[in-house]
Every structure is written in structure tokens, then in C-alpha cells.
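These are the residues of each chain, in order.
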Amino acid sequence: MKSAKTRAVFAMLPVSLGVAIFHASALAQTPMFDPAKVQQGMQIAPVTLNTQGKDPNLVGYGSYLVNAVADCNGCHSAGPQTEFAMGGNPYFNQPTKVNPATYLGGGRDFGPFPSASGNFPHIISRNLTPDFTGMAEGGSTFDKFRTIIRTGMDMDHIHPTCSGPPDGKCIPPPFNGDLLQIMPWPTDQNMTDDDLLAIYTYLSAIPCLEGGPNEPPNRCVTPVKTMAIASPKNATVVSREIQLDGTKSTAGNGGLLTFQWSIPQGSPSAVILHGNTATPNVQFSQGRGAYIFLLTVTDTSGTSSSDVATITYAGN
Ligand code: HEC
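Note that the coordinates shown come from a computational prediction; the quantities given were computed from them, not determined experimentally.

Caption draft 1: Focus on helix H8 (residues 193-205). Its 13 residues place the ends of H8 18 Å apart at the C-alpha level, agreeing with the 18 Å of an ideal helix rising 1.5 Å per residue. Burial runs high along H8: 12 of the 13 residues are buried. For H8, the full list of buried residues reads Asp194, Asp195, Leu196, Leu197, Ala198, Ile199, Tyr200, Thr201, Tyr202, Leu203, Ser204 and Ala205. Buried-residue contacts for H8 involve helix H3 (56-69), helix H5 (136-139) and helix H6 (142-151).

Caption draft 2: Up close: the site of the ligand. Taken together, 26 residues lie near the ligand, and Ala70, Cys72, Cys75, Arg126 and Met183 sit nearest. Elements represented by at least two residues in the shell around the ligand include exactly helix H4 (72-76) and H6.

Caption draft 3: Fine view of the nonpolar core. In this structure, Tyr61, Ala198, Ile199, Tyr200, Tyr202 and Leu203 are the most contacted members of the largest nonpolar core, which totals 28 residues. Listing elements by their share of this core, those giving two or more residues are H3, H6 and H8. When residues in this core are grouped by element, the largest group, 8 residues, is from H8. In this structure Leu203 touches Leu128, Pro130, Ala136 and Glu137, once residues within four positions along its chain are discounted. Core analysis: the second largest hydrophobic core is formed by 16 residues, Ala228, Leu244, Ala251 and Val282 among them.

Caption draft 4: Structural context of the sheet that holds strand E8 (residues 289-299). Here we have 4 strands laid out as an open sheet, ordered E3-E9-E8-E5, and mixed in their pairing. Across the chains shown, the open sheet's two edge strands, defined by having one partner strand only, are strand E3 (235-237) and strand E5 (257-262). Strand after strand, the sheet turns through a mean of 30° between neighbouring axes, direction not considered. The pairing of E8 with strand E9 (residues 304-313) spans 10 bridges and is classified as antiparallel. Residue pairing across strands places Thr296 opposite Ser306, the latter belonging to E9.

Caption draft 5: Layout of the sheet that holds strand E6 (residues 271-273). With respect to topology, 3 strands assemble into an open sheet ordered E4-E7-E6, the strand pairing being antiparallel. A single partner strand is all that each edge strand has here, and the edge strands are strand E4 (241-243) and E6. Adjacent strand axes in the sheet meet at a mean angle of 25° when their direction is disregarded.

Caption draft 6: Examining the domain arrangement of the protein chain more closely. Domain assignment breaks the protein chain into domain 1 (4-205) and domain 2 (235-313). Computed from C-alpha coordinates alone, the two centres of domain 1 and domain 2 are separated by 51 Å.

Caption draft 7: View of the confidence of the model for the protein chain. Predicted confidence across the protein chain gives a mean pLDDT of 92, with 91% of residues reaching 70 or more. Note on residues 1-27: pLDDT is under 50 here. Beyond four places in sequence and across chains, it has 27 contacts.

Caption draft 8: Molecular detail of H3. Along its 14 residues, H3 runs 18 Å from first to last C-alpha, staying within 8% of the 20 Å computed at 1.5 Å per residue. For H3, the tally of buried residues reaches 11 of 14 residues, placing the bulk of the element in the interior. Inspection of H3 places Asn57, Leu58, Val59, Gly60, Tyr61, Gly62, Ser63, Tyr64, Leu65, Val66 and Asn67 among the buried residues, and these make up the whole buried set. The secondary structure elements touched by the buried residues of H3 are helix H2 (35-44), H4 and H8. Asp71, located one to two residues past H3, shows a positive phi value of around 45°.

Caption draft 9: Representation of the environment of Gly79. Inspection of the secondary structure puts Gly79 in the loop between H4 and strand E1 (109-112). Note on Gly79: 14 C-beta atoms within 10 Å, which makes it partly exposed. Sequence-wise, Gly79 and Ala36 are 43 residues apart; in three dimensions their C-alpha atoms are separated by 31 Å. With sequence-adjacent residues up to four places away left out, Gly79 is seen in contact with Arg108 and Asp109.

Caption draft 10: Local environment of the packing of H6 against H8. Closest axis-to-axis distance for the H6/H8 pair is 10 Å, and the angle between their directions is 120°. Regarding the angle of H6 to H8, the classification is oblique. Handedness of the H6/H8 crossing: right-handed. From H6, Phe142, Phe145, Arg146 and Ile149 reach across to H8, where they touch Leu196, Leu197 and Tyr200. Class assignment of the residues belonging to the contact of H6 with H8 gives a composition of 6 nonpolar, no polar and 1 charged.

Caption draft 11: Here's a closer look at the packing of H2 against H3. Close contact between H2 and H3 brings their axes to 7 Å; oriented N to C, the two are set at 70°. Our classification of the angle between H2 and H3 gives roughly perpendicular. Judged by the twist between their axes, the crossing of H2 over H3 is left-handed. Facing Lys37, Val38, Gln39, Gln40, Gly41, Met42 and Ile44 of H2, the residues of H3 in contact are Asn57, Gly60, Tyr61, Gly62, Ser63, Tyr64, Asn67 and Ala68. Split by residue class, the contact of H2 with H3 holds 6 nonpolar, 8 polar and 1 charged.

Criteria and thresholds
- Residues numbered from 1 in each chain as written.
- Predicted model: local features only at pLDDT ≥ 70, side-chain atom pairs only at ≥ 80, totals over all residues.
- Helix = DSSP H or I, 4+ residues; strand = E, 2+ residues; numbered from the N terminus.
- Expected span 1.5 Å × (residues − 1).
- Buried ≥ 20, exposed ≤ 12 C-beta atoms within 10 Å, placed from the backbone.
- Contact = placed C-beta atoms within 7 Å.
- Near = placed C-beta within 6 Å.
- Core = buried A, V, L, I, M, F, W, Y, C linked by C-beta atoms within 7 Å.
- Pairing = 2+ DSSP bridges.
- Axes fitted to C-alpha atoms, helices over the stretch in contact; angles between N-to-C directions.
- Domains from an automatic or database assignment.
- pLDDT = per-residue confidence, 0-100.
- Parallel < 35°, antiparallel > 145°, perpendicular 65-115°, else oblique.
- Left-handed = near helix turned anticlockwise from the far one by under 90°.
- Nonpolar A, V, L, I, M, F, W, Y, C, P; charged D, E, K, R; others polar.

Okay, structure coming up:
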């Protein structure tokens, strides 16, 4: 973040420098952008934005930079054939309509690099949309995003520098394979921290898309953890036999769970009928007391989780 002092200096300059105008702000931490550009940015965003918990100035100005200035989507969509929606291709004299299904999702193939002849890797634009975390560019922090744009560093190391003959994956010297190619970071690195924060915030507000180089499958879906959930909790019953319930338990890989109910130390003993099912019956054979039943679930990859159901038997 630019310091308040630097921003105050900017504010004293009576000039509008191309893209951004900074005003001194009472809230020094909140960047102030040209309201007309913020509003324009909100209007031209081609997808529905999730602005929850985000500074609308950052989102709007980020959209302005992404959609009116830097043409990120020109390269970070899947390619010219699908960049625009059906009937919305301006190059066909149609009213422009960006295709939300490819918007900033990456996958555009720029061909073999550095040359069409030779065993060289294709350079393919990356997916800039947030993942299930809601953070831009597949869960990046702002610091990481800023470092990428400032240095051009390829944190995924998709195409290292060749140490021998080209193998279809590496890039030959004098190119540095640790750097992003084609991506105009040598220009984008000149943006201010506030500009980059605006872009980052906007990229966190757009919808997640699947796909793109090095992206895991189901990147938009919050992973489910393997978790035992035993019920009832803190129940008091008078019936000598009741049914326990482990059906709310979840399996991490979406697969099947095995169930095992037992009586841990510290609990009066009880009879468990069908203790390897989700819904066993139990009998309070020791009379009144506080019974504990331990449920352990195990998923198909062997990951386990435990939880307890606690029941006070108050019957006769
Ligand atoms: C001229 C085409 C082009 C433009 C315009 C462009 N990019 Fe890129 N960008 C690329 C390509 C191609 C790559 C992947 C490069 C590689 O694999 O070496 C990339 C990579 C990136 C990465 C690295 C992602 C990762 O997973 O590490 C980020 C971040 C990024 N671009 C952001 C942006 C933003 C933000 C904009 C708009 C301000 C933008 N790009 C505009 C072509 C472009």
C-alpha cells in the first residue's frame, strides 16, 4: 500500500496522469479513484460481480483498468473464437458482448514459443478468476499477485529454462523460463500499488471458471472434508433404547464412509446394535447416567474423523 504521505504528495500535483487521479483522503488507507472511472468500471463489467465485503471503489476502478485500459481478457479468455458471445462479436459489426463463459478463464494458446519450428512449449494464458476461496487468480494473496505483475515471475514454473536440447517443455536461453512470456508485465509493472490492488480486488469479484494451465479440477467447488457428525448431542431420554444418527457425516472425496460406533472410557457401558452402520440402536443397560458414544468415520482414502453423541438416560 502506498503510504499516506506519498498519496498526499500525489494529491498536490495539479495533474491527471493518464490513468489515475489520487485525492488526499481522510481515510488514508482507502485509495480514492476518479469517481467517473469507478462508475464506468461498474457499468462495463461484463459479468455479475460479488462485491460483498469489498471496497466498491477498488472493484469499480479495477474493472475500469481490466476492461477499458489493459485488455486482460483479450489474452486471458480461451481464444478469439469464443471471446465474444454468439451475436456479440464487434469484428463482425455486432454489438459487443463479452462471453461470460470464457471471461478471464485463460486457455488461449499463443502457439509454440519462441518459434514455430522446433520442439518448444506452447504459451497458454492463465486462469485469472478466483477459486473457491474467493481470492483472485486461483486463491492468490494480493502480495503474490503484486509480485507476479511487478517481476513477471512464473510462480507455477510451467516452462523452465532449457538446460539441454529443447524437450517440448522448456524455453531456450536467452529467454528466462522462470518469467512469464507474452504477458505484458514489463508494462503492467509500472502501475501503482493502488492500481494493482484495484485490479486484484476486481479479479476477486468476478465469477470462478474451471480450467486453465496448472489448475486443479473443481477449483470453484469448496472441498468437503471428511468429518464425523454424531447425534444426538446433550439429549436427555427416558426410553431405554434409542437410535443414534451419524448420517450428517461427510466424506472428503465424495465417496463412501464406513461407520464405527463405540463406547469410550468414562461412559457407562451400553449395548450397541449394528455399530458399524450410520444409525445404530443403543440400550442403556447400566441404568440412569450420562452415556457417551464415539463415532469414527473413515473415507475410501483412509482418512478418519471422530465425534461423540452424549445422552443422559433418565428412565427407569
Ligand atoms: C498480450 C496478452 C496478455 C495480456 C494483455 C495480459 N496477459 Fe496476463 N498472461 C498472458 C500469458 C500468455 C500468460 C502466461 C505466460 C506464460 O505461460 O509464460 C499470462 C500470465 C498472467 C499471470 C500469471 C498467472 C499465474 O497463474 O501465475 C497473471 C497474474 C496475469 N497474466 C495477469 C494479467 C492481468 C491482470 C492483465 C491485465 C491487466 C493481463 N494479464 C494481461 C498474456 C496476457
